[in-house]
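Residue strings, one per chain:
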Amino acid sequence: GGYKYQATSVVADYFGTISHKFRCQFLWRTSFTGRTVRMGYHDSVTVTDAVDGAYFECLDGTCYAKTSNNSTRTTHGTTYALALDTAYTFDIDVNAAGTSARFRIYSGNSATAVYDQTITTNIPTTQARAFTVGIVATESSTTASDIGILYGIGFGTVEGFDKAQTTVVPTTVEELVVGS
């Protein structure tokens, strides 16, 4: 079982034209065993791995940064071990040329990445290698159970935004006049 959230057709976008930015907030609830979650730019709609894209793949509690171009995949050698009941923010930035995909993970409300890796190979850059943006979460148990909570998902083309760029709301008149 499982679920998927996708923005468009699975062959709607490709890299190498403009920059791409993906962000997702997700929390695993009950167990990692038998759970596969893929999030980012990809064409996967089931537990089967993506043919094309740049995405996070989280298998049984271990998270991998991956790119795939016509099923030729690059999996970054550094992984991240997830914890239950922790909200994570997953960011993917692909440059306009489609030559670099940066993957970052933030834990809780921290503005410091706990995972920050870049992949420069097997990034799909032609219409023939198109994909969509979204999340696919599957589990292999015979009893339906919660996989996790999807707090938010966003994507766009603006480079340069990162988790540390936040809006400061003044709490006093002095902060409003002077700034913080």
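Criteria and thresholds
- Residues numbered from 1 in each chain as written.
- Predicted model: local features only at pLDDT ≥ 70, side-chain atom pairs only at ≥ 80, totals over all residues.
- Heavy atoms only, no water.
- Helix = DSSP H or I, 4+ residues; strand = E, 2+ residues; numbered from the N terminus.
- Buried < 20%, exposed > 50% of the residue type's maximum accessible area, 1.4 Å probe, protein only.
- Polar contact = N/O pair within 3.5 Å; in protein donor to acceptor, adjacent residues only side chain to side chain.
- Phe/Tyr/Trp six-rings, centres within 6.5 Å; stacked < 30°, edge-to-face > 60°.
- Salt bridge = Lys/Arg side-chain N within 4 Å of Asp/Glu carboxyl O.
- Pairing = 2+ DSSP bridges.
- Axes fitted to C-alpha atoms, helices over the stretch in contact; angles between N-to-C directions.
- Core = buried A, V, L, I, M, F, W, Y, C linked by side-chain atoms within 4.5 Å.
- Contact = heavy atoms within 4.5 Å.
- pLDDT = per-residue confidence, 0-100.

1. A look at the side chain of Thr-67
Point 1. By secondary structure assignment, the location of Thr-67 is in strand S5 (residues 62–69).
Point 2. Given a relative accessible area of 0%, Thr-67 falls into the buried group.
Point 3. Within polar-contact distance, the side chain of Thr-67 engages the backbone oxygen of Thr-121 at 2.6 Å.

2. Let's talk about the packing of aromatic side chains
Point 1. Under the definition given, this model contains 12 aromatic pairs.
Point 2. Summarising the aromatic geometry, the rings of Phe-15 and Phe-131 are spaced 4.6 Å apart at their centres and angled 40 degrees between planes, so their arrangement reads as tilted. Placement of Phe-15 in the loop between strand S1 (2–6) and strand S2 (20–28) and of Phe-131 in the loop between strand S10 (113–119) and strand S11 (132–139) is noted, with a sequence separation of 116 residues between them.
Point 3. Relative to Phe-131, the ring of Tyr-41 lies with its centre 6.0 Å away and its plane at 70 degrees, an arrangement referred to as edge-to-face. Note that Tyr-41 is positioned in strand S3 (residues 35–42) and Phe-131 in the loop between S10 and S11, a separation of 90 residues in sequence.

3. Quick look at the pattern of salt bridges
Point 1. A complete count under the given rule lists 11 salt bridges for this structure.
Point 2. The partner of Lys-21 in a salt bridge is Asp-91, with the nearest N and O atoms 3.3 Å apart. In this pair, Lys-21 is assigned in strand S2 and Asp-91 in strand S8 (residues 87–94), connecting sequence segments 70 residues apart.
Point 3. The buried category is assigned to Lys-21, whose relative accessible area is 8%.

4. Quick notes on the pairing of strand S6 (residues 72–75)
Point 1. As defined by bridge partners, S5 adjoins S6 across 4 bridges and the pair is classed as antiparallel. If you follow Lys-66 over to S6, its bridge partner there is Thr-75.

5. A word on the sheet that holds strand S9 (residues 101–107)
Point 1. An order of S10-S9-S8-S2-S12 is seen for the 5 strands of this open sheet, with the pairing classed as antiparallel. Strands at the two margins of the open sheet, each flanked by one partner only, are S10 and strand S12 (148–156). Taken pair by pair, the neighbouring strands of this sheet meet at an average axis angle of 10 degrees, ignoring direction.
Point 2. Sheet topology note: the S2/S8 ladder contains 8 bridges and is antiparallel.

6. A few points about the nonpolar core
Point 1. Ranked by size, the top nonpolar core spans 31 residues in total, and within it Trp-28, Val-37, Met-39, Phe-56, Leu-82, Phe-90 and Phe-103 carry the most contacts.
Point 2. Elements that contribute at least two residues to this core include exactly S2, S3, strand S4 (53–59), S5, S8, S9, S10 and S11.
Point 3. With residues up to four places along the chain from it excluded, the contact list for Phe-56 reads Val-37, Arg-38, Met-39, Cys-63, Tyr-64, Phe-90, Asp-91, Ile-92, Phe-103, Arg-104, Ile-105 and Tyr-115.

7. Quick notes on the confidence of the model for the protein chain
Point 1. In the predicted model, the protein chain carries a mean pLDDT of 82, and 79% of its residues have values of at least 70.
Point 2. Across residues 163–180 the pLDDT falls below 50, and counting only partners more than four positions away or on other chains, this stretch makes 15 contacts in the model.

8. Some points on the environment of Gly-108
Point 1. Within the secondary structure, Gly-108 is located in the loop between S9 and S10.
Point 2. With relative accessibility at 30%, the residue Gly-108 sits in the partly exposed group.
Point 3. Along the primary structure Gly-108 and Gln-25 are separated by 83 residues, whereas in three dimensions their C-alpha atoms are 9.5 Å apart.

9. Quick notes on the environment of Ala-83
Point 1. Along the chain, the position of Ala-83 falls in the loop between strand S7 (80–81) and S8.
Point 2. Distance from Ala-83 to Phe-32, taken between C-alpha atoms, is 8.9 Å for residues 51 residues apart in sequence.
Point 3. Excluding residues within four positions of it along the chain, Ala-83 makes contact with Phe-32 and Tyr-88.

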